[in-house]
Amino acid sequence: MGAFLPLLLLLLLLLPPPLPGAAGGAAVCGRCPGPLRNGSIVARYCASHASTESEGRCCWERGARPERLLGLDLSNCSLRSLPPGLAEAAAAIVLDLMENPLTPLPNGSFLGFTCLQRLAVPLALECPGGSSAWEEVTTHGSSRLCQGQRNLCNSSMELAWLCPENAACAPDGPGLVQCLCNSPFHGYKCLREGTFPVLLFCGILGAITLSLSLLLWGTQRRKAKTP
């Protein structure tokens, strides 16, 4: 069994990562029992768009392949912190976290949520990224509604200085940005020019994995022959 472990690790490395908000997001849909709560911003969004359907606490884009999670309703779920599987809903447009005893959220809690346009949080919490990361912030009763996520790369010229010469600023969630290398640059600080040597990288990785597999196989055979 040990001889095949490196090969298994190689296969896992070569498999493409799951798409955000694809079918894997079904796990977070069952984080709270029951359907979408009446009156939640997710329920209203799903009801106002004919091309959507609800499943558990989620609103999905109907007929999309792969499926896309558009809304997630985690209101009144007794959450003290964000659930571990929240990243599965990174493609969501609306997210409801109202009526939860949430503690202050760490910076980067919504990393990758670039499509998020409406977020409802308890009144005790600020909008992620601060008010400057949203077009409009309103309060109603015990909730705070953050609407219209801003692209900070377009709103402040100072952010351009955060990226190296061969990279461009790109949004990465509320109040968050990332630097993406311009083609054909790649590597550390986008200093390497040309395409990434995928074949060479996979060849070296495959050779190392094969060598380790043969070494483990030979070691186990010697142990099996030893009386």
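Quick summary incoming for the structure in this document. (Residues numbered from 1 in each chain as written. Predicted model: local features only at pLDDT ≥ 70, side-chain atom pairs only at ≥ 80, totals over all residues. Heavy atoms only, no water.)

## Considering the environment of Glu 55
Inference 1: Relative to the helices and strands, Glu 55 resides in strand E1 (residues 52-55).
Inference 2: Owing to a relative accessible area of 46%, Glu 55 belongs among the partly exposed residues under this scheme.
Inference 3: Counting along the chain gives 26 residues from Glu 55 to Cys 29, while the straight-line C-alpha distance between them is 7.3 Å. (Helix = DSSP H or I, 4+ residues; strand = E, 2+ residues; numbered from the N terminus. Buried < 20%, exposed > 50% of the residue type's maximum accessible area, 1.4 Å probe, protein only.)

## Concerning the pairing of strand E2 (residues 58-61)
Inference 1: Note that E1 and E2 share 4 bridges and pair antiparallel. Across the sheet, the residue bridging to Thr 52 is Glu 61, located in E2.
Inference 2: Here E1 folds back onto E2, and the loop between the two strands holds 2 residues, one of which, Gly 56, carries a positive phi near 60 degrees.
Inference 3: Strand direction decides the pairing type here: E2 and strand E3 (residues 69-73), joined by 3 bridges, are antiparallel. Paired with Cys 59 across the strands is Gly 71, a residue of E3. (Pairing = 2+ DSSP bridges.)

## Some details on the packing of aromatic side chains
Inference 1: For the coordinates displayed, the defined rule picks out 1 aromatic pair.
Inference 2: Ring geometry for Phe 110 versus Phe 113: centroids 5.5 Å apart, planes at 85 degrees, classification edge-to-face.
Inference 3: Of the residues examined, Phe 113 reaches a relative accessible area of 2% and is grouped as buried. (Phe/Tyr/Trp six-rings, centres within 6.5 Å; stacked < 30°, edge-to-face > 60°.)

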